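Listed below, chain by chain, are the residues.
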Amino acid sequence: MPGLVAFGRRWGIASDDLVFPGAFELFIRVIWWIGMLVLYVKNKGQFVCTGGGLLHSYLIVLLVLLSVIILALSAIVYISMQGTITNPGPRRSIPALIYVRTFLYVPELFWAVLGAVWVSDNSPGCDKSVVNAVIGAVVVSWIILFFTVVAVLIVFDPLGSKRQGNVDSHGDHDLESSESAQLMYTARSVAARVWESRIKLLCCCIMQEEDNRAAFSSIGQLFSGFFSDTDLVASDIAAGLSLLHQKQDKVEKTRDPEEVVVSPSPVSRTREDLDVELENAAHYMQFAVAAYGWPMFVFSNPLTGACKLSVDCCRSRSPEYDIVGGDHLGCHFTSMLYTTGLQYRDFIYISFHNKIYEIPFFVALDHKKEAVLVVVRGTLSLRDALTDLSADCENVLIEGVSGPCYAHKGIVQAANYIYRKLINDGILNQAFTIAPEYQLVITGHSLGAGTAAVLSILLRSAFPVLKCYAFSPPGGLLSKPLADYSKEFIVSVVVGKDLVPRLSIPNMEDLKRRILRMVANCNKPKYQILLRGCWYEVFGGNPDDFPTELESRNQDDLSLPLLAEQSFLVHSSPSYHSLVSEDSPSHLQQPPLYLPGRILHIVEESTSRRSCFSEVKYHAVWSSEASFCSILISPKMITDHMPDLVLKALNSLTQDSPFIFCPTPRNNASNLNVI
């Protein structure tokens, strides 16, 4: 950091990112050089065969060329190890060394071609070991050249020339303000188009419909705005996350284990209330898991899942059973029968239809709890991911709620889609005609949890006693008035350090600032940070001290870390000015969004590292929004979000039935509608 500038443009790596790839290539080159030297000495430079003179010249030049390359790589690795992330001064000679190393690819390419020609035309009659050695040298040359081209493509920054232009424009103090604003606007527009093109390429299998194009554009603007105000490269983010993880673990170890953040609310938080909600949550989580269909069933039952499904998926079916749209073999529905323990006639409506802003869901009768269930599936496709990433705010009109009412745009669109299906198509009327005394319960996991929460808010006026259980919902979901309003009928369940309930644009901006502060305050080289971080993540141990070295200095000057960060940003990343400018992207000023309802937080009883086969014990507490206003870095930040682990944690707290119910699926006649 900042990004490496070479050949007149900025690249997606920094000058201190060449330690590990350079050391790896250096190792390969040294082994190669030793092998060629042994071959030459063994034959004493005499090769009695057709083309022996050419082979002699080839080996001599190859040894000299490898020696020069080894020297250049040694210099690159050594210089790249100098300085710190925010102090590239000792590495100012890296661009020149890169030019030298790039120039050496020309004779290497020529010599690789020459070696291939010799093998094909002049190798007959030569010792077989010599021929094999030359073939090996030629193959290694072409492999290195190939991976070099791949590496260049990976670190190529399409915005490199624009960013370099921005640097130059900031250095020109006489530039008119209008010209500067125009340059910044142009750079942001180009960045948005580049990110939009990347997303389209990633989602090339999705049909280019109007909603898709709007989502691509919105997400492109989001990503371009988030990354445009800093000069971070991927390894800087990795180093910052490693430092931040160790610092958070250090703080957590010094925290009072009895300290618990409890949500202030007039609603009673008795142990009995907690036990009831845990029991309900464990029950309804089975349905949220079932909504994922056969992939989650097979993942949760790796030894027997595929065999169980194959019997029912491949058998011949009645005509009404074959009309399942999006589930042509019936595997999704079969897995839902196994997971929920329901019978075919208990399902009222199932939709496997999946587009951006339109996600699968099903409606079923839960006789055990006497509830009409609306279960929304979580993220399982690229279309779902694009719905997740449409993170702008959208107004939600709710009567009786004072204050601004807005929520996550993509999730609001998905909730409106399901709302129209339930009401306009008469699905809920059909369900309550069959079971008029049942209560409406809406549930889902992840994206499904957020959609279920917004859907329950939309339906509350028509169904005043409805309940919603949102498992691992996204953090940037509801405005404060809506979040407070939802406490009466929504329970959110979060496990451990799950990333998603803490994921929002303000929290991501906060994470970016903390990463910048960590790398700005650390005076260790990046390669040391990454090595220590990898060791800590794999083998554990005590958090390193260098993430908080500045804390040991003058404790009276509390502004020192912030000043260091700001000074670093202003001098090493001219685009930092856009962060505080009036023309900064609107999402940087997005108001905070919160988790829905009351928050039931399930955490491990001990954070100490344990063996892979030891049983994990949990306890549950009522928590508040304040506990989720910051992203926690942990190896479990992803695994704690997985639906099977959420169900396992809930079952361990309630000592409920096993993870998967396995009744025999029945194809009974019913009122089921499936699309």
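So, a few notes on the structure that sits alongside this text. (Residues numbered from 1 in each chain as written. Predicted model: local features only at pLDDT ≥ 70, side-chain atom pairs only at ≥ 80, totals over all residues. Heavy atoms only, no water.)

With respect to the packing of aromatic side chains
The cut-off we apply is this: Aromatic pairing here means that ring centres of Phe, Tyr or Trp (its six-membered ring) are within 6.5 Å. Orientation follows from the plane angle: under 30 degrees is stacked, over 60 is edge-to-face, and everything else is tilted. Counting from the N terminus, the helices are the DSSP runs of H or I reaching at least four residues and the strands are the DSSP runs of E reaching at least two. Each residue gets one of three labels from its accessible area relative to the maximum for its type: buried under 20%, exposed over 50%, partly exposed in between, using a 1.4 Å probe on protein chains only.
What the rule picks out here adds up to 14 aromatic pairs. With a centroid separation of 6.3 Å and an interplanar angle of 5 degrees, the aromatic rings of Tyr58 and Trp111 are classed as stacked. You can see Tyr58 sitting in helix H2 (residues 52–80) and its partner Trp111 sitting in helix H3 (residues 94–121), a full 53 residues away along the chain. Across the pair, exposure class does not vary: Tyr58 and Trp111 are buried alike. Summarising the aromatic geometry, the rings of Phe110 and Trp111 are spaced 5.5 Å apart at their centres and angled 45 degrees between planes, so their arrangement reads as tilted.

Quick word on a nonpolar patch on the surface
The criterion, for reference: Excluding any residue in a salt bridge, patches collect residues exceeding 30% relative accessible area, merging like charges within 9 Å and nonpolar Val, Leu, Ile, Met, Phe, Trp and Tyr side chains within 5 Å. Shrake-Rupley sampling with a 1.4 Å probe provides the accessible areas, and residues are treated as covered by the protein chains on show and by no other component. What makes a salt bridge here is a side-chain nitrogen of Lys or Arg within 4 Å of a carboxyl oxygen of Asp or Glu, nothing more.
A cluster of nonpolar side chains, namely Ile135, Val139, Ile143, Phe146 and Phe147, defines an oily patch on the protein surface of about 470 Å² accessible area. With respect to the helices, strands and loops of the structure, Ile135 is situated in helix H4 (residues 128–155).

A few points about helix H18 (residues 505–521)
An α-helix turns once per 3.6 residues; consequently, residues spaced three or four apart project the same way. Let me state the cut-off plainly: Expected helix span is taken as 1.5 Å per residue step, with the number of steps being one fewer than the number of residues.
With 17 residues, H18 should reach 24 Å at 1.5 Å per residue; the first-to-last C-alpha distance of 24 Å fits that figure. Burial in H18 covers these residues: Ile505, Asn507, Glu509, Leu511, Lys512, Arg514, Ile515, Leu516, Met518, Val519, Ala520 and Asn521.

Here's the deal with the nonpolar core
Which entries qualify depends on this criterion: Only buried Ala, Val, Leu, Ile, Met, Phe, Trp, Tyr and Cys residues count toward a nonpolar core, and they belong to the same one when joined by side-chain atoms within 4.5 Å. What makes two residues a contact is simply this: any of their non-hydrogen atoms within 4.5 Å.
Counting 47 residues, the largest nonpolar core has Val363, Leu422 and Leu440 as the members making the most contacts within it. Those elements that provide at least two residues to this core are strand E3 (347–351), strand E4 (361–366), strand E5 (371–376), helix H14 (409–424), helix H15 (427–434), strand E8 (439–445), helix H16 (447–459) and helix H17 (480–486). Element by element, the count of residues in this core is highest for H16, at eight residues. Beyond its immediate chain neighbours, meaning those up to four positions away, Leu422 contacts Phe361, Val363, Val374, Ile427, Leu428, Leu455 and Leu459. Counting 41 residues, the second-largest nonpolar core is a separate cluster that includes Phe333, Val493, Tyr618 and Val646.

A look at the pattern of salt bridges
Applying the stated criterion across every chain yields a total of 22 salt bridges. The partner of Lys526 in a salt bridge is Asp17, with the nearest N and O atoms 2.8 Å apart. Of this pair, Lys526 sits in helix H19 (residues 526–539) while Asp17 sits in the loop between strand E2 (9–14) and helix H1 (19–42), placing them 509 residues apart in sequence. With a shortest N-O distance of 2.4 Å, Glu604 and Lys636 are connected by a salt bridge. In this pair, Glu604 is assigned in strand E11 (residues 598–604) and Lys636 in helix H22 (residues 636–639), connecting sequence segments 32 residues apart.

A closer look at the side chain of Ser634
Topologically, Ser634 is positioned in the loop between strand E12 (618–623) and H22. Looking at Ser634, the relative accessible area reads 12%, which means it is buried. Not counting residues up to four positions away in its chain, the partners in contact with Ser634 are His245 and Lys497.

Here we look at H4
Over its 28 residues, H4 runs 41 Å from end to end, which matches the ideal 40 Å to within 8%, given 1.5 Å per residue. Taken together, the buried positions of H4 are occupied by Val130, Val131, Val134, Ala137, Val138, Ser141, Ile144, Leu145 and Val155.

With respect to the pairing of E3
What counts, and what does not: Pairing between strands is defined by DSSP: at least two bridges between the two strands are required.
Burial within E3 is extensive, with five of its five residues counted as buried. Relative to E4, E3 is paired through four bridges, and the arrangement is antiparallel. In the sheet register, Phe347 faces E4, and the bridge partner there is Ala364.

Looking at the pairing of strand E9 (residues 467–471)
Short version of the rule: We call a crossover right-handed when, viewed with the strands running away from us, the connection from the first strand over the helix to the second turns clockwise.
Within E9, five of the five residues are buried, leaving the element largely enclosed by the surrounding structure. The side-chain alternation of E9 yields two buried faces, one formed by Lys467, Tyr469 and Phe471 and the other by Cys468 and Ala470. Sheet topology note: the E8/E9 ladder contains five bridges and is parallel. Within E9, the residue paired with Val441 across the bridge is Lys467. Crossover E8 to E9 through H16 is right-handed. Summarising the sheet, E9 and strand E10 (residues 490–495) pair through four bridges and their orientation is parallel. Looking at the pairing, Phe471 lines up with Val493 of E10. Handedness of the β-α-β unit built from E9, H17 and E10 comes out right-handed.

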